[in-house]
Amino acid sequence: MKHALTLLTFLAATPALAEEYSRPIPQAQSATAEFWYAFACLMLVAAMYAVHRMVMRK
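These notes cover the structure that comes with them. Please read these numbers as outputs of a predicted model, since none were measured by experiment.

## What to know about the overall build of the chain
Counting secondary structure elements, the chain contains two helices and zero strands. Taking all 58 residues of the chain together, 0% fall into the buried category. When the accessible surface of the chain is totalled, it reaches about 6300 Å², and 71% of it is carbon and sulfur.

Now the structure itself:
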């Protein structure tokens, strides 16, 4: 029983010995990602303009 208690105490203390969390360093956007973001923005504006035209016809 004494060995089981020692083992249990060791297992309970093990997470305290874990390595400290280090935050990930954000990476810069690639040129491809910037292109697709700009494309998506332009398509959103075009879609909003199309909706505007359809609503104004009524």
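## Observations concerning a nonpolar patch on the surface
A cluster of nonpolar residues, Phe35, Trp36, Phe39, Leu42 and Met43, forms a patch on the protein surface that exposes about 560 Å² of accessible area. Overall, Met43 belongs to the partly exposed group, its relative accessible area being 43%.

## With respect to the packing of aromatic side chains
All chains considered together, the criterion is met by three aromatic pairs. Pairing Phe35 with Trp36 gives two aromatic rings, centres 5.1 Å apart and planes at 70°, and the pair type is edge-to-face. An aromatic cluster is present here, built from Phe35, Trp36 and Phe39 joined pairwise through their rings.

Each value, and the rule that gives it
- Residues numbered from 1 in each chain as written.
- Predicted model: local features only at pLDDT ≥ 70, side-chain atom pairs only at ≥ 80, totals over all residues.
- Heavy atoms only, no water.
- Helix = DSSP H or I, 4+ residues; strand = E, 2+ residues; numbered from the N terminus.
- Buried < 20%, exposed > 50% of the residue type's maximum accessible area, 1.4 Å probe, protein only.
- Areas by Shrake-Rupley, 256 points an atom, 1.4 Å probe, with all protein chains shown as cover.
- Patch = residues over 30% accessible without salt bridge, like charges linked within 9 Å, V, L, I, M, F, W, Y side chains within 5 Å.
- Salt bridge = Lys/Arg side-chain N within 4 Å of Asp/Glu carboxyl O.
- Phe/Tyr/Trp six-rings, centres within 6.5 Å; stacked < 30°, edge-to-face > 60°.

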